[in-house]
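Given next are the chains, with one letter for each unit.
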Amino acid sequence: MGIGHDEPMRYVVSAHLKISEGTSVLDPLQQEGAVALLQNGLRSVEGIEGPDGMNVPLDDFVVAVYPGGAILKVFVDAPALEFAEASVHELCLELLGHSELLSEWTIDECEVQLHPLFAQKSLAAAEGPDAPPADVEARRAELARPLLVPRPQGPTAEETEQMRGRIQALAPALTVFGPESFGCDDDDPSAAVEGAELAAGALVYAIDLLVDELFLDLHTLTKNRTTVDDFEGVFRVLDTLPERFAHQYDTSFVRRFLVASIAMTARFTSGGSPMLSCVAEELALRLLLDQARVTLDLYGLLDDRASSALDFFAGGVFEDLDHEWLYEDEPSGLGVALLDTAVDSWFAPFGRERYVHPYTRQEGDGSGSE
């Protein structure tokens, strides 16, 4: 059932488009071509014909292309979540069908994704006095609160087991890291193996949340043409980056940080290098680990074994913890040198053997404008 609003609400629909199986990944030139095709197609759309002939206005969009496909964030005004998802799915079918380059691509996912805490609250408040505010801006502000919000009530036993199964099923997707990366081997008891699976699966689950929330933060910055330091609102991810650099977090930085995050997680889930390439990736992994812990804790799954598995993983992937100095109020030694650098340096590769996406190497524009 709907949430009881007659007026349309703003929804952000995430569409994951993938190249057809068995084809070569996109080279940089093909990626640029795919970006142009998708952006031009979306720019030509003012509204989408939804279910029952309903017109769903398209307000804005963000496109990110990587070697295995593309991620679209489509902002639409619809009377219900189901209408938003169905309309964007139909739009994606049209975009793929109108281009020879994209004709064999598939829609892997097309849905509105909420942080699990907000999704639970939305479902619980769909009817009754605790329904979300009717005003769109008030609802957006409520959903934009920091992630570490106390849960008023714990999940039911059924919800916990459903999430346990869902997270464990995601663990194999972290193809670069086997059980040994989480401190587990073939001789360990089943409980230890389950802890490793929960840790790995939670990291995979956190990828979508991190990428989605970065897209939302980018949209907010772009819309307001500002930097994080000059914006009075709340950001989902950017507020958790080192605060002293907030005046440098403009749209250019967020785009590059988003691409770096996608490049890192794509390697982790597609058999690429497990080595972190730059400071930006270290910070992205830090955020990913935090999100994984929040998700497990939210559903009562962050026991000692899962927590230890995440700690073991972090100890193996991070070559050092120098990036932690960026969060210090009164650093010393190496930390002072790190704090004297601009965020552009966060995208410099650690060595010749470390790959960073070419897009991240462009210098920031120093403003919040396009």
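For the structure, check the block above.
Not measured: the values here are computed from a predicted model. Starting from 1, residues in each chain are numbered consecutively following that chain's sequence as written. For this predicted model, a pLDDT threshold of at least 70 governs which residues receive local features, and a threshold of 80 or more governs which side-chain atom pairs are given and counted, while totals over whole chains, interfaces and linings are taken from all residues. No hydrogens and no water enter the side-chain calculation; it runs on all heavy atoms of the structure.

Our focus in this paragraph is the sheet that holds strand E2 (residues 47–49). Pairing between sheet strands relies on hydrogen bonds along the backbone, with the strands arranged either parallel or antiparallel. The criterion for strand pairing is that DSSP finds at least two bridges linking the strands in question. Secondary structure elements follow DSSP: runs of H or I no shorter than four residues count as helices, runs of E no shorter than two count as strands, and numbering proceeds from the N terminus. Here we have 5 strands laid out as an open sheet, ordered E2-E3-E4-E1-E5, and antiparallel in their pairing. Each of the sheet's edge strands pairs with one partner strand only, and the pair in question is E2 and strand E5 (106–112). With strand direction ignored, the average angle separating the axes of adjacent strands in the sheet is 35°. One ladder, built from 3 bridges, connects E2 with strand E3 (residues 55–66); its direction is antiparallel. Along E3, the bridge assignment pairs Gly47 with Pro57. Sheet contacts for helix H1 (residues 28–43): strand E1 (9–18), E3 and strand E4 (69–78); angle to E3, the most-contacted strand, approximately 175°. Only C-alpha atoms enter the line fits that serve as axes; for helices the fit covers just the stretch in contact. Angles between N-to-C directions range over 0 to 180 degrees. Every residue pair with non-hydrogen atoms within 4.5 Å of one another is taken to be in contact.

The next thing to look at is helix H9 (residues 304–317). Here the expected length of a helix is defined as 1.5 Å per residue gap, with one fewer gap than residues. Its 14 residues give H9 an end-to-end C-alpha distance of 20 Å, which sits within 8% of 20 Å, the value for a rise of 1.5 Å per residue. Within the sequence span of H9, burial applies to Ala306, Ser307, Ala309, Leu310, Phe313, Ala314 and Val317. What you see down the axis of H9 is that its buried residues fit within an arc of 160°, all on one side. Those residues of H9 that are exposed and aimed more than 90 degrees away from the buried face are Asp304, Gly315 and Gly316. The residue sitting at the N-terminus of H9 and contributing the capping side-chain oxygen is Asp303; that oxygen lies 3.2 Å from the backbone nitrogen of Arg305. Type-normalised accessible area, obtained with a 1.4 Å probe on protein chains alone, sets the label of each residue: buried when under 20%, exposed when over 50%, and partly exposed for intermediate values. Comment: arc refers to directions from the helix axis out to C-beta atoms. For this analysis, a polar contact is any N or O atom pair within 3.5 Å, provided that within protein one partner can donate a hydrogen and the other can accept it, and provided that sequence-adjacent residues contribute only side-chain to side-chain pairs.

By convention, a stacked pair of Phe, Tyr or Trp rings (six-membered ring in the case of Trp) has centres within 6.5 Å and planes under 30 degrees apart, an edge-to-face pair has planes over 60 apart, and any other such pair is tilted. The full count for this structure, using the stated rule, is 10 aromatic pairs. Look at Phe253 and Phe257: their rings are 5.8 Å apart centre to centre, the planes differ by 20°, and that puts the pair in the stacked class. Taken together, the positions of Phe253 and Phe257, both in helix H7 (residues 251–270) and 4 residues apart, correspond to about one turn of that helix. Neither residue differs from the other here; Phe253 and Phe257 are each classed as buried. When the ring of Phe253 is compared with that of Trp346, the centres are 5.9 Å apart and the planes differ by 75°; the resulting orientation is edge-to-face. Within this pair, whereas Phe253 is found in helix H7, its partner Trp346 is found in the segment after helix H10 (334–339), the two being separated by 93 residues in sequence. In textbook terms, an aromatic cluster arises when at least three aromatic residues are bridged by ring pairs, as seen for Phe245, Tyr249, Phe253, Phe257, Trp346 and Phe347. In this scheme, the term charge over a ring applies when either NZ of a lysine or CZ of an arginine sits within 6 Å of the ring centre and within 35 degrees of the ring normal. The cationic tip of Arg286 hangs over the ring face of Tyr327; the distance from NZ or CZ to the ring centre is 3.8 Å.

Here we come to H1. In an α-helix, one turn spans 3.6 residues, which is why side chains three or four residues apart end up on the same side. Under the 1.5 Å per step criterion, the end-to-end length of H1 is 22 Å for 16 residues, consistent within 8% with the ideal 22 Å. Turning to H1, its buried residues are Gln31, Ala34, Leu38, Gly41 and Leu42. Looking straight down H1, one finds its buried side chains confined to an arc of 100°; they lie on one side. Counted as exposed and oriented over 90 degrees from the buried face of H1: Pro28, Leu29, Glu32 and Arg43.

Among buried residues, those of type Ala, Val, Leu, Ile, Met, Phe, Trp, Tyr and Cys that are joined through side-chain atoms within 4.5 Å constitute a nonpolar core. Counting residues in hydrophobic clusters, the biggest one holds 74 residues, and the most contacted among them are Phe182, Leu203, Tyr249, Phe253, Phe257, Leu285 and Trp346. With 18 residues, helix H6 (residues 190–224) is the largest single contributor of residues to this core. For Phe257, the residues in contact, after removing those within four places along its chain, are Leu214, Leu241, Ala280, Leu283, Ala284, Leu287 and Phe347. Counting residues in each nonpolar core, the second largest holds 32 residues, with Leu38, Leu58, Leu72 and Cys92 among its members.

Backbone geometry at Arg225 places phi at a positive 50°, although glycine is not the residue there. Mapped onto the elements of the fold, Arg225 is located in the loop between H6 and H7. Judged by its relative accessible area of 51%, Arg225 is exposed.

With that out of the way, let us pick up the side chain of Arg267. Summarising the element assignment, Arg267 is placed in helix H7. When its relative accessible area of 11% is taken as the criterion, Arg267 is described as buried. Here the side chain of Arg267 touches Glu281 through a polar contact of 2.8 Å, side chain to side chain. When near neighbours in sequence (up to four residues on either side) are disregarded, Arg267 contacts Val176, Gly272, Ser273, Met275, Leu276, Ser277, Glu281 and Tyr355.

A few words on the packing of H6 against H9. Where H6 meets H9, the closest approach of the two axes is 8 Å, and the angle between their N-to-C directions is 60°. Taken together, the axes of H6 and H9 lie oblique to each other. Regarding H6 and H9, the two cross each other, and that crossing is right-handed. Contacts between H6 and H9 involve Ala191, Ala192, Gly195, Ala196, Leu198, Ala199 and Leu203 on the former and, on the latter, Arg305, Ala306, Ala309, Leu310 and Phe313. Residue composition of the contact of H6 with H9, by class: 10 nonpolar, 1 polar and 1 charged. Reported orientations rely on four angle classes, namely roughly parallel under 35 degrees, roughly antiparallel over 145, roughly perpendicular from 65 to 115, and oblique for the rest. Whether a crossing is left-handed or right-handed is set by the direction in which the near helix is turned from the far one by less than a right angle, anticlockwise for left-handed and clockwise for right-handed. Classification convention: Asp, Glu, Lys, Arg as charged; Ala, Val, Leu, Ile, Met, Phe, Trp, Tyr, Cys, Pro as nonpolar; all other residues, Gly among them, as polar.

Time to look at the environment of Asp322. Tracing the backbone shows Asp322 in the loop between H9 and H10. Once the C-alpha coordinates of Asp322 and Val279 are considered, the two residues, 43 residues apart in sequence, prove to be 9.0 Å apart.

Where H6 contacts helix H8 (residues 279–298), the two axes come as close as 8 Å, and the packing angle between them is 115°. Here H8 runs roughly perpendicular to H6, going by the angle between their axes. For the pair H6 and H8, the sense of crossing is right-handed. Residues Leu198, Ala202, Leu203, Tyr205, Ala206, Ile207, Leu209, Leu210 and Glu213 of H6 pack against Ala284, Leu287, Leu288, Leu289, Gln291, Ala292, Thr295 and Leu296 of H8. Across the contact of H6 with H8, the residue classes break down as 14 nonpolar, 2 polar and 1 charged.

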